[in-house]
Amino acid sequence: MTGSSDLEAVRRELRGFVQVSAARAPLYATLALGLSQSDEGSSILAHAPATNRIAVTLFAAIQFLLLAEPDEPLAAWYPNLAVEPRRDDPTEAAREFCSRRRDDLIALVQSRTPQTNEIGRCAPLILALSAVERRYGRLAQLDVGASAGLNLLSDHYRYRFGETVIGDGPVELVCELRGEPIALPHRRPQVVSRIGLDREPIDLDDADQLRWLLACVWPDQADRRERLQAALELARRMHPVVRAGDAVDDLPVALGELGDGHPVVTTSWVLNYLPPQRRVEFVQALATWAGHRPLTWVSYESPAATPELDWPGAVAGSELTALRVVTWVDGGRQDRVVGQGHPHGYWLNLG
Ligand SMILES: C[S@@+](CC[C@H](N)C(=O)[O-])C[C@H]1O[C@@H](n2cnc3c(N)ncnc32)[C@H](O)[C@@H]1O
């Protein structure tokens, strides 16, 4: 696509991103504004497939190149690449970079999808997993939409909920709990069997894929980048298994691969990527598998982005991320929303 109306749509997308990123990613806000006013960046993004024609695709492509070439002049504005990042306007440098690296950038936006594996979501998830473990015993976890498999290692991270610290290890996840107080678990839940399923798993031994994962983290967000890098190091030692496959079609086989333990399927910010009808089919596939055995589904998903998921009235349509626990047991179905929180797990409002 290269038409002038298409180009205008991309410029609008970049302008819209200024507001989205202003608070937590000032560099991207400035770049989005600067690049929305000329063609160098927008005409590159216009080559992305329609579903990826979003500002973060262009910024991930730019950062992907800069991570490999930190001596590029534009890198001087990136807080993760420069010792003393420049604070003046980066627009001219960004336009020059986009012009000179146009072919590389077009190839990237055409072929790659923004990809994240946000371990901050493990903080809300372990609260639910601990409750499931208390009730049904040790856990066998299938993480659907597992990406690099980092959320399969929730029992290896350290959690800080206010004054309470649970677990130990080099990766600390901080989550502020709001709303109704709960009795926090004394330890992390025990996961005795684990496997991931993703239509495009990240190969932990593939430097190029890891660079893309890091390129998708916004440069201003040092905390996210640092904990991601620490989790990736851990994962390279632990090697969580993530099978390539579809969330619906390959669910039964992946569940069948789990070993001992109460089977728990986890999903976090995955079901919004499925077409609406496939979301319904995903839940049907869970219910079918659970026909003759207990199964729990712990999800951290957006009700607004997945309206087909039959959300309880109080959270239906919510723009927050809902922590939900559904269990099929003895022919019945229990469904409970534990709380709602930040999409990256920085806080959770309970009750
Ligand atoms: C935004 S990432 C979230 C990853 C991880 N759950 C987390 O919380 O960080 C969404 C993941 O879902 C995967 N995905 C999207 N559609 C899928 C499908 N139909 N079947 C399996 N995985 C899918 C993507 O490849 C991607 O890894």
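A few points on the structure. Keep in mind that this is a model prediction, so the values were computed, not measured.

### Brief notes about the pattern of salt bridges
Any two side chains of opposite charge can pair, given that their charged atoms come close.
In step 1: Going through the model one piece at a time under the given rule, you end up with 26 salt bridges.
In step 2: Taking the shortest distance from any N to any O, the salt bridge between Arg-95 and Glu-40 comes out at 3.2 Å. Here Glu-40 lies in helix α3 (residues 39-45) and Arg-95 lies in helix α5 (residues 91-100), a separation of 55 residues in the sequence.
In step 3: Arg-95 sits in the partly exposed class, given a relative accessible area of 27%.
In step 4: Of the charged contacts, one joins Arg-333 and Asp-335 as a salt bridge, the two residues approaching to 3.1 Å between their closest N and O atoms.
In step 5: Owing to a relative accessible area of 40%, Arg-333 belongs among the partly exposed residues under this scheme.
In step 6: In this structure Asp-335 comes out as partly exposed when scored by relative accessible area, which is 31%.
In step 7: Beyond isolated ion pairs, a larger network of salt bridges with shared partners links Glu-69, Glu-72, Glu-96, Arg-100, Arg-101 and Asp-104.

### Here's the deal with the sheet that holds strand β9 (residues 295-301)
In step 1: Spatial strand order, β5-β12-β11-β10-β9-β8-β1-β6-β7: nine strands in an open sheet with mixed pairing. The open sheet terminates on both sides in strands that have one partner only, identified here as β5 (176-179) and β7 (242-244). Each adjacent strand pair in this sheet contributes to an overall mean axis angle of 25°, direction not counted.
In step 2: Where strand β8 (residues 262-268) and β9 come together, five bridges link them in parallel fashion. Across the sheet, the residue bridging to Val-265 is Trp-297, located in β9.
In step 3: In the packing of helix α7 (residues 122-136) onto the sheet, contacts are made with β1 (139-144), β5, β8, β9, β10 (321-329), β11 (332-341) and β12 (347-350), and the angle to β9 comes to roughly 165°.
In step 4: Where helix α11 (residues 276-289) meets the sheet, it contacts β1, β8, β9, β10 and β11, and its direction lies at approximately 160° from that of β9.

The rules behind these values
- Residues numbered from 1 in each chain as written.
- Predicted model: local features only at pLDDT ≥ 70, side-chain atom pairs only at ≥ 80, totals over all residues.
- Heavy atoms only, no water.
- Salt bridge = Lys/Arg side-chain N within 4 Å of Asp/Glu carboxyl O.
- Helix = DSSP H or I, 4+ residues; strand = E, 2+ residues; numbered from the N terminus.
- Buried < 20%, exposed > 50% of the residue type's maximum accessible area, 1.4 Å probe, protein only.
- Pairing = 2+ DSSP bridges.
- Axes fitted to C-alpha atoms, helices over the stretch in contact; angles between N-to-C directions.
- Contact = heavy atoms within 4.5 Å.

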